[in-house]
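# Analysis of the macromolecular model
Each chain, written out:
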Amino acid sequence: MNAPETKDTRPPAPQGGFDANRPTIISLLYLTSFITGITGLVGIVLAHVWQGEDQEPWMASHYTYLIRTFWFGLVGSIIGAVLTLVLIGILVLFAVAVWVGVRSVMSLLKAQRQEPMPDPRTLAF
């Protein structure tokens, strides 16, 4: 007698290609802002708009993670800009840029595998 089959409800994983899902788009916009300086604003608007829509559970964790990345990065950048008056701000700005970059790449990699962010409310990587 055959065992009953269970239905897999997970979305299919990308087969060796690039999955341009919404968290991936936001992450790429954040990373592109290091060159353009403006696409991060488009990314945060999209993150807030898409967060309010129905989505798969793994995406919700990415939106929280990416929204917090933007706002804490902005605050850190403002603090760093003010502190450039005493030269320590250059180090702060560099640290904030690395932090935002690493978090964006972490979200990008997990979004490609359609995995949720483990702890989206953390400030760690």
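Quick notes on the rules
Residues numbered from 1 in each chain as written. Predicted model: local features only at pLDDT ≥ 70, side-chain atom pairs only at ≥ 80, totals over all residues. Heavy atoms only, no water. Helix = DSSP H or I, 4+ residues; strand = E, 2+ residues; numbered from the N terminus. Buried < 20%, exposed > 50% of the residue type's maximum accessible area, 1.4 Å probe, protein only. Axes fitted to C-alpha atoms, helices over the stretch in contact; angles between N-to-C directions. Parallel < 35°, antiparallel > 145°, perpendicular 65-115°, else oblique. Left-handed = near helix turned anticlockwise from the far one by under 90°. Contact = heavy atoms within 4.5 Å. Nonpolar A, V, L, I, M, F, W, Y, C, P; charged D, E, K, R; others polar.

When you line up the elements, Gln112 lands in helix H4 (residues 88–112). A relative accessible area of 16% places Gln112 in the buried class.

As a further point, take the packing of helix H1 (residues 22–36) against H4. Remark: H1 packs on H4, axes separated minimally by 9 Å, with the N-to-C direction vectors making an angle of 155°. Our classification of the angle between H1 and H4 gives roughly antiparallel. Judged by the sense of rotation from one axis to the other, the crossing of H1 with H4 is left-handed. Judged by residue contacts, Pro23, Thr24, Ser27, Leu28, Tyr30, Leu31 and Phe34 of H1 engage Ala97, Val100, Gly101, Ser104, Val105, Ser107, Leu108, Ala111 and Gln112 from H4. Tallied by class, residues from the contact of H1 with H4 come to ten nonpolar, six polar and no charged.

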